[in-house]
Amino acid sequence: MPKFWDEYHIPATLDDALGLLARYDGRARVIGGGTDLLLDLKEEHYSGARPHYAALIDVTRIAGANEIREDADAGWIVIGCAVTHAQVVASSLVQARATALHEASGVVAGAQIRNMGTVVGNVAHALPAADSAVALAVLGAEVQVRSKQSTVNSEQWRPIASLYLGPGKSAVDSTREIISAIRFRPTGANEGSAFARIMRPQGIALPILGMAARVKLAIRNSQFAIDDVAISAGPVAPTLFRAARTEEFLRGKVLDDATLEQAARVLLSEAQPRTSAHRATREYRVELLPTMLREVMTRAVKRAK
Amino acid sequence: MPLLNMNVNGKNIAVEVEPHEYLAHVLREKLGLTGTKIGCEEAECGACTVLVNGAPVVSCVFPALKAEGARVETIEGLVRDQVLHPLQKAFVEHGAVQCGFCTPGLIMAAKGLLDHNPNPTDDEIKTALKDNFCRCTGYVSVISAIKSVVASRQSTVDSPPLSHSPTLPLTREPLSAVGKAYPRNDAVAKVTGTAKYTDDYKFARMLHGATLRAKYPHAKILRIDTTKAKALPGVRAVLTHEDVPGSKNHGLIFNDWPVLCYDKVRYQGDAVAIVAADTREIAERALELIEVEYEELPIVDNPIDALKPDAPIINDFLGHGNLLKHIEVDKGDIEKGFAEADMIIEREYHTPTYEHAFLEPECAIGRVTDEGRIEVYVGSQIPYEDRRQIAASLAIPESQVRVIGAMIGGGFGGKEDIMGQIHVALLARATNRPVKMLYSRRESMIAHPKRHATTIRLKTGAKRDGTLVAVRAEIFGDSGAYASLGDKVMTRAATHAAGPYAVPNVKIDCYAMYTNNPPAGAFRGFGVTQSAFAVESNMDILARELGIDPIELRRKNALRVGTTTSTGQLVRESAGLLRCIELVESEIRSWKLEVGKDRQFNFQLPTSNVQAWGFAAAYKNTGLGGGAPDKSTAEVEVYDDGTAEIRSAAAEIGQGLPNVLAQITAGELGIPFERVRVLLSDTDLTPDGGPTTASRQTAVTGNAAKFAARGMREILARAASERLDAPPEQIVFCDGYVDALPPLSVTGEGRGGGVKRASFADVVRWARAENRATKFRFEYNAPETKPLGTPGDMHFAFSYAAQAALVEVNTETGEVRVIKVVAATDVGRAINPLALKGQVEGGIVMCIGNALTEEYIVEQGRVWTDRLARYKMPSIKHVPEIVSFVVEEESSVGPYGAKGVGEISSIPTTPAIINAIYNAVGVRVYSLPVDQDKLLREMRRMTTD
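All values derive from a computational prediction rather than experimental measurement.

**What to know about the overall build of chain B**
No. 1: A tally of regular secondary structure across chain B gives 23 helices and 35 strands.
No. 2: Taking 30 Å as the expected radius of gyration for a compact globule of 945 residues, we find that chain B reaches 28 Å, a close match to that expectation.
No. 3: Each of the three principal axes of chain B carries a C-alpha extent, and together these read 90 × 75 × 65 Å.
No. 4: Within chain B, buried positions represent 66% of all 945 residues.
No. 5: At a minimum sequence separation of 6, the contacts of chain B that also span at least 24 residues come to 78%.
No. 6: As displayed, chain B offers around 31600 Å² of accessible surface, 49% of which is attributable to carbon and sulfur atoms.

Here's what the structure looks like:
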């Protein structure tokens, strides 16, 4: 393999990291676990491109960045840019209050990759079907993007969906900016979330379809009704997808078979799955959408009860 | 260069590293810890797993500097005070080690799990090891090894564990050594990371090679200019076809494969130029500076198009265009046969190309010795063939070439052809320095021969009672750009295309075709994997149409003594198929799911998972057959410390040959198994054992070892006879002693007097003192076979098998899961039940991949499946429960009755799964692998129709 980078820096503070990026002025690139980046570089090389960076800036040892913490007053769980999938899976806080993310991180690749890859890196990679991103989408996730040059208040948070410009195309410029943290709304009383996905046994290691739901229940006429709901799926659009119309349809309803069937029809009207070569046909994804909707909704509702 | 500080296996070290280096390379190249293997460099295979601060990571994509200040554990750190770690010990004892290349990674991943979770569930074990591929064992023994460690840790003095030993199939009463389940004699080296594969060898001043591959799948070469590449600092040689002094082509059967392309390129993996440079990086950079001018030619990407009269000619080496070989099987009168049939089933089947995906990518090292001879280190399935081909292309006598076999990290047929062997010899000679050529995984996937993709049109005719009367088949095999073993493979596909059944009228036309796809050659099953899928699918369809139980249909037609195969060979002995069928049937009969029972697909089922059994049978020749001389030579040497060494250039690719040879030698010499060393695959030191192919080594080299040891024993018996004063026929070799039995009494009912005894070592000393030979070499020639189309035996033995698969189909997603496989395998005689267990389990799991997960895709000659991430082989998560029966219908040819097992165990698995899917949901799969996407849509279509 050719040399893809010349220097490797492991800054201890976010400021140092931002300073290094500024110093390299676009010629350096942020690396987290590297499990996406390094394979992408290789793939680019084989496809004829000659990727090269003056330096990689490793953000996994930034002080405090490997923490999962709850900001109970404001109602957020915050995960730093060094937090790995394995940490998320092991966190009892995430398991209890963001079950969809727990489930999604648990099926990312294999054990070794989960020990290396970070959740933030997964988001930075901007694949609309990335497991953790699909889960984060229903948890109302927001990200903090930092850079030296930024005129934006560094404390500002942006909705996660705003980073997704297209498949693998992120609004974050990893040669100048760092996603320092992600925060999301944990589930509370009468709330539950779930994630499910279908893989293809052959070929590409990307999901055929992943889906997540978050549900809040309320008692109406002595029955559990859906007070609020969030549904995301991928890949059914070039960017992170929230099923707004399906969510709207479900609000206030009691979840029974008939409602689910109708909701599935709404979902099919707004999701736009495509055929991807060697991965899945559009028709198959269309067949799976109702099945998976039932799966994640049933599980999320059960957890909310 | 930055300094990397870390604690490796308990020692603090500081090492200079390049900022772009990965941890795996630092461990291997700078710290000499070569127990950590590199299998893919794309975070897929898990072979490079090490622990960083206690957590398993894949070190091949782990930037080394990330380990700054970290605690790193590798396989070398597990042995404490010369005692194996419990996991290492368990892997040895459970047979969880075969080729051994994945073993360090598996053990480290398991250690990472147990360190944090001392009592994992089966599911947790499978989750932790999901990304550690093993291609040999089928993971069953891996799981049992890990569980045994868990169990032993939980056991206390008060409650000792029930059993820690692996569950072995029931086999015949063992002899002194033959038939016993000894752990592999190379297992300790493999679990400790000391076993040396080719890439683990290093030589002073060693250069690194790289190969320029074709830019197009089919093109004329107009010009090659290496000037710029040669000028790059650090480059020591750039060679093209002009630098090949001898044979410009190589090939196992036909010399049709350019060492370096001269007139044109015929597939994407073709080698156009080679470079040797100070580092691999420089060598790869040099490749980009080589200018090649091509004229693109039209591409033929499938065998049916290749056969068309107007098809562009790809390889006319044989003078008959794209047709590598037309193979014909003709028995009886096919028209009369179908005229007699009450039911005719005619279907078309497709199988894709498959990749062996052995965990160790190809590697070869060439060097010129002080005497000017060429030495090549390589993990090859046919060392003497390598020597012949290297010598031919270098235009030097074979005496000037030595091929030294390293450990081989899996082969499965994929390491029979020349890859880098000739190239490193050329480069070593050009530079007068050692040259290592290590293929990247991508290169490996593009270059080496694959399993043939086939289209099989199969017509089966039967009487109302199920008696088969006629089989007609047309088979089109994609042999790719070069012959490799294509015609042999397709011959086997053709001769086995009537299945393991007695069919009076058979006509098969099989076309092995040249195309612009990667060459296809040997791959476990050797063509029979493909035809068995078609045959056994047709059998189930036939059974259903006739209303006959599918197992009964097979039993009715099964080959047995007195019947003839479709090539007209009379089965005289060793036909255990009926017994195999019976064993599998009795095991699954207790299940309420009946095989073949009409199961209407029903969306209203309470569960979305539908289960059903499927059944299939198969047979496979042992040995080359077809008139090819099949011989092997082995040499035994005895030493005055009471040990012996058995030698043969026969490749061990994970199947367990060293144990087979050691056990046979130990048994024949009457010494303990542990006192036999095995030396394989060195063309200077070991005689030719022939190719490791066609499930032949146990039978053929096993026999060579048996007769060599027996010859040695006779010499020793003569020495003992004099000293112990007894005739040679009264000398007995047992347990490391040589006893002179007293003569039989006159009545013949016992022996009078005492036994005189000497140690085996003493007898060797006596023999030496008397100038008797302490080495004995035996060339074993297997019984002569006849070419296809001539009367007589095409093969000297066949192995048989029956399998049933319990499969679950998710009717809402189309997902398919194999829950249980029941296998019965007729192997003649089990030489080592532990190794046999591994061969059966590994074969089954490999062909779960064949049925469900694997597909090597080439689009217009361009390889899409050029990385492991795009080739999904079964992981530990795919492992079903396996119940394995061994049938031992002895062959009069093989040693102690043994036949081959390497291939047969895998062949029935695919059709058993496919038949089970039909029985579960009513959808017949005609094209492999099963596409859940298509399967679901088919199910939905059936319910709406």
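**A closer look at the sheet that holds strand β23 (residues 609-622) of chain B**
Residue and element names in this part refer to chain B.
No. 1: Pairing is mixed across the open sheet formed by 4 strands, whose spatial order is β23-β31-β32-β35. In the strand order of this sheet, the two ends are held by β23 and β35 (881-887), each with one partner. Pairs of neighbouring strands in the sheet enclose a mean axial angle of 15°, with direction left out of account.
No. 2: The strands touched by helix α21 (residues 833-853) are β31 (797-810), β32 (816-826) and β35; relative to β32, the strand with the most contacts, the crossing angle is about 140°.

**Description of helix α5 (residues 99-106) of chain A**
No. 1: Most of α5(A) is tucked away, with 7 of its 8 residues classed as buried.
No. 2: Considered for burial, the residues of α5(A) that qualify are T99(A), A100(A), L101(A), H102(A), E103(A), A104(A) and S105(A).

**Considering the side chain of T192(B)**
Residue and element names in this part refer to chain B.
No. 1: Its location among the elements puts T192 in helix α6 (residues 187-192).
No. 2: On the basis of relative accessibility, which here comes to 11%, the residue T192 falls in the buried class.
No. 3: Among the polar contacts listed, one links the side chain of T192 to the backbone oxygen of V188, at a separation of 2.7 Å.
No. 4: Among residues more than four places away in sequence, those in contact with T192 are I75, E76, V79, L84 and Q88.

**Focus on the nonpolar core**
Soluble globular proteins: nonpolar side chains tend toward being buried together.
No. 1: One finds M297(A), F91(B) and I917(B) to be the most contacted residues of the largest nonpolar core, which totals 204 residues.
No. 2: Every residue in contact with F91(B), bar those within four places of it in the chain, is listed here: A96(B), V97(B), T103(B), L106(B), I107(B), V142(B), A145(B), I146(B) and V191(B).
No. 3: Counting residues in each nonpolar core, the second largest holds 57 residues, with L207(B), I274(B), V378(B) and L394(B) among its members.

**What about the packing of aromatic side chains?**
No. 1: Using the criterion set out here, one finds 18 aromatic pairs over all chains in the structure.
No. 2: Ring plane angle 75° and centroid distance 5.3 Å describe the contact between Y349(B) and F533(B), whose orientation is recorded as edge-to-face. Remark: F533(B) occurs in helix α15 (residues 528-546) and Y349(B) occurs in strand β15 (residues 343-351); sequence separation between them is 184 residues. Of the two residues, Y349(B) and F533(B), neither departs from the other in class, the shared state being buried.
No. 3: Three or more aromatic residues link up through ring pairs in this structure, and these residues are W5(A), Y8(A) and Y22(B).
No. 4: Between the NZ or CZ atom of K196(B) and the centre of the ring of Y201(B), over which it lies, the distance is 4.5 Å.
No. 5: For the cation-ring pair, K706(B) lies above Y896(B), with the distance from its terminal atom to the ring centre recorded as 5.5 Å.

**Some thoughts on the domain arrangement of chain B**
All names here are of chain B.
No. 1: Structurally, chain B comprises domain 1 (3-198), domain 2 (201-297 + 359-410 + 415-446), domain 3 (453-625 + 789-944) and domain 4 (631-781).
No. 2: Look at where the C-alpha atoms of domain 1 and domain 2 centre, and you get two points 33 Å apart.
No. 3: Of the roughly 1500 Å² buried between domain 1 and domain 2 on both sides combined, carbon and sulfur atoms contribute 60%.
No. 4: Counting the surface domain 1 buries against domain 2, the share from its top three residues, K196, Y197 and T198, is 42%.
No. 5: Along the contact surface separating domain 1 from domain 2 lie 1 salt bridge.
No. 6: In this structure, K202 and E29 form a salt bridge, with 3.8 Å as the shortest nitrogen-oxygen distance.

**Quick word on the domain arrangement of chain A**
No. 1: One can read the domain layout of chain A as domain 1 (5-58), domain 2 (68-184) and domain 3 (191-304).
No. 2: Put simply, the middle of domain 1 of chain A and the middle of domain 3 of chain A, counted by C-alpha atoms, are 36 Å apart.

**Focus: the sheet that holds strand β8 (residues 235-239) of chain B**
Think of a sheet as strands paired side by side through backbone hydrogen bonds, with each pair either parallel or antiparallel.
Residues and elements named next belong to chain B.
No. 1: Ordered by their spatial adjacency, 7 strands build an open sheet running β8-β12-β6-β19-β16-β17-β18, and the pairing between neighbours is mixed. Unpaired on one side and paired on the other, β8 and β18 (401-405) mark the two borders of the sheet. Between one strand axis and the next, the sheet turns through 20° on average, direction left out of account.

**A look at unusual backbone geometry**
No. 1: Residues G234(A) and P235(A) are joined by a peptide bond in cis, for which omega reads -5°.
No. 2: Mapped onto the elements, P235(A) comes out in the loop between β13 (223-234) and β14 (241-242).
No. 3: Residue L928(B) is joined to P929(B) through a cis peptide bond whose omega torsion reads -10°.
No. 4: Secondary-structure assignment places P929(B) in the loop between α22 (909-921) and α23 (932-944).
No. 5: One non-glycine residue, A43(B), lies in positive phi territory at about 60°.

**Quick look at the interface of chain B and chain A**
No. 1: Contact with chain B, which involves 52 residues of that partner, is made by 47 residues of chain A.
No. 2: Of the roughly 4200 Å² buried at the junction of chain B and chain A (both faces included), carbon and sulfur atoms supply 52%.
No. 3: By the criterion of area lost to chain A, the three top residues of chain B are K66(B), Q932(B) and D933(B), representing 14% of everything that side buries.
No. 4: A salt bridge links R200(A) to D931(B); the shortest N-O distance between them is 3.3 Å.
No. 5: Inspection of the chain B/chain A interface yields 24 residue pairs in polar contact (both at pLDDT 80 or more).
No. 6: Listing elements by their share of the side of chain B that touches chain A, those giving two or more residues are β4 (55-58), α4 (122-128), α8 (280-289), α21 and α23 of chain B.
No. 7: Per-element accounting of the side of chain B that touches chain A gives the leading share, 5 residues, to α23(B).

**Remarks on the side chain of Q730(B)**
All names here are of chain B.
No. 1: Mapped onto the secondary structure, Q730 falls in the loop between α19 (697-724) and β27 (731-734).
No. 2: When its relative accessible area of 14% is taken as the criterion, Q730 is described as buried.
No. 3: A polar contact of 2.7 Å, which involves the side chain of Q730, links it to the backbone oxygen of L741.

**Notes on the packing of α15(B) against α22(B)**
All names here are of chain B.
No. 1: Following both chains from N to C, one finds α15 and α22 inclined at 35°, their axes separated by 8 Å at the closest point. Remark: the crossing between α15 and α22 carries right-handed chirality. Judged by residue contacts, A532, F533, E536, S537, D540 and R544 of α15 engage T910, P911, I914, N915, Y918 and N919 from α22.
No. 2: Looking at side-chain class alone, the contact of α15 with α22 contains 5 nonpolar, 4 polar and 3 charged residues.

**Structural notes on the pattern of salt bridges**
Between side chains of opposite charge, pairing is possible as soon as their charged atoms come close.
All names here are of chain A.
No. 1: Counting across every chain of the model gives 97 salt bridges over all chains.
No. 2: With a shortest N-O distance of 3.7 Å, E261 and R265 are connected by a salt bridge. With a gap of 4 residues between them, E261 and R265 both fall in helix α10 (residues 257-270), about one helical turn apart. Each member of the pair, E261 together with R265, is exposed.

**Side note on the packing of α10(A) against helix α11 (residues 282-304) of chain A**
Angle between the axes and distance between the axes: these two values describe a pair of packed helices.
Residue and element names in this part refer to chain A.
No. 1: Relative orientation of the contacting elements α10 and α11 amounts to 130°, with a least axis distance of 9 Å. On the basis of the axis angle, α10 is oblique to α11. Here α10 and α11 pass one another in a crossing that is right-handed. Mapping the contact onto sequence places L260, A263, A264, L267 and L268 in α10 and V286, L289, P290, L293, R294, M297 and T298 in α11.
No. 2: The class makeup of the residues in the contact of α10 with α11 is 10 nonpolar, 1 polar and 1 charged.

The rules behind the values
- Throughout, a residue's number is its position along its own chain's written sequence, starting from 1.
- Chain A is the first chain written and ligand 1 is the first ligand written, with later ones labelled in order.
- The model is predicted, so local features are restricted to residues of pLDDT at least 70 and side-chain atom pairs to those at 80 or more, both for listing and for counting; the totals for chains, interfaces and linings are taken over all residues.
- Only heavy atoms go into the side-chain values, all of them from the structure, while hydrogens and water stay out.
- For helices the rule is a DSSP run of H or I covering at least 4 residues; for strands it is a run of E covering at least 2, with both sets numbered from the N terminus onward.
- This radius of gyration counts C-alpha atoms alone. The globule rule is 2.2 Å times how many residues there are, raised to the power 0.38.
- The classification of residues rests on relative accessible area computed with a 1.4 Å probe and restricted to protein chains. Under 20% of the type maximum is buried, over 50% is exposed, and intermediate values are partly exposed.
- We call two residues contacting when some pair of their heavy atoms lies within 4.5 Å.
- Note that accessible areas follow from Shrake-Rupley with a 1.4 Å probe, and for residues the cover is restricted to the protein chains shown.
- Should DSSP find at least two bridges between two strands, the strands are regarded as paired.
- For helices, the fitted axis covers only the stretch in contact; all axes are lines through C-alpha atoms, and the angles between them, taken along N-to-C directions, range from 0 to 180 degrees.
- Identification of polar contacts relies on pairs of N or O atoms within 3.5 Å, with a donor-acceptor requirement for protein atoms, meaning one able to donate a hydrogen and the other able to accept it, and with residues adjacent in sequence counted only if both atoms are side-chain atoms.
- Only buried residues count toward a nonpolar core, which is a set of Ala, Val, Leu, Ile, Met, Phe, Trp, Tyr and Cys residues joined through side-chain atoms within 4.5 Å.
- Two rings belonging to Phe, Tyr or Trp (six-membered ring only in the last case) form a pair when the distance between their centres is within 6.5 Å. Interplanar angles under 30 degrees mark stacking, angles over 60 mark edge-to-face geometry, and anything in between is tilted.
- Counted as over-ring charges are cases with an Arg CZ or a Lys NZ within 6 Å of the ring centre that also lie within 35 degrees of the ring normal.
- An automatic or database domain assignment supplies the start and end points of every domain.
- The buried area of a pairing is the accessible area, by a 1.4 Å probe, that goes missing from both parts when the two are put together, added over both.
- Definition used for salt bridges: Asp or Glu carboxyl oxygen within 4 Å of a side-chain nitrogen of Lys or Arg.
- Crossing handedness: left-handed means the near helix sits turned counterclockwise from the far one by under a right angle, and right-handed means the same turn made clockwise.
- Residues are grouped as follows: Ala, Val, Leu, Ile, Met, Phe, Trp, Tyr, Cys and Pro are nonpolar; Asp, Glu, Lys and Arg are charged; every other residue, Gly included, is polar.
- Angles are sorted into four bins: roughly parallel if under 35 degrees, roughly antiparallel if over 145, roughly perpendicular if 65 to 115, and oblique for all others.

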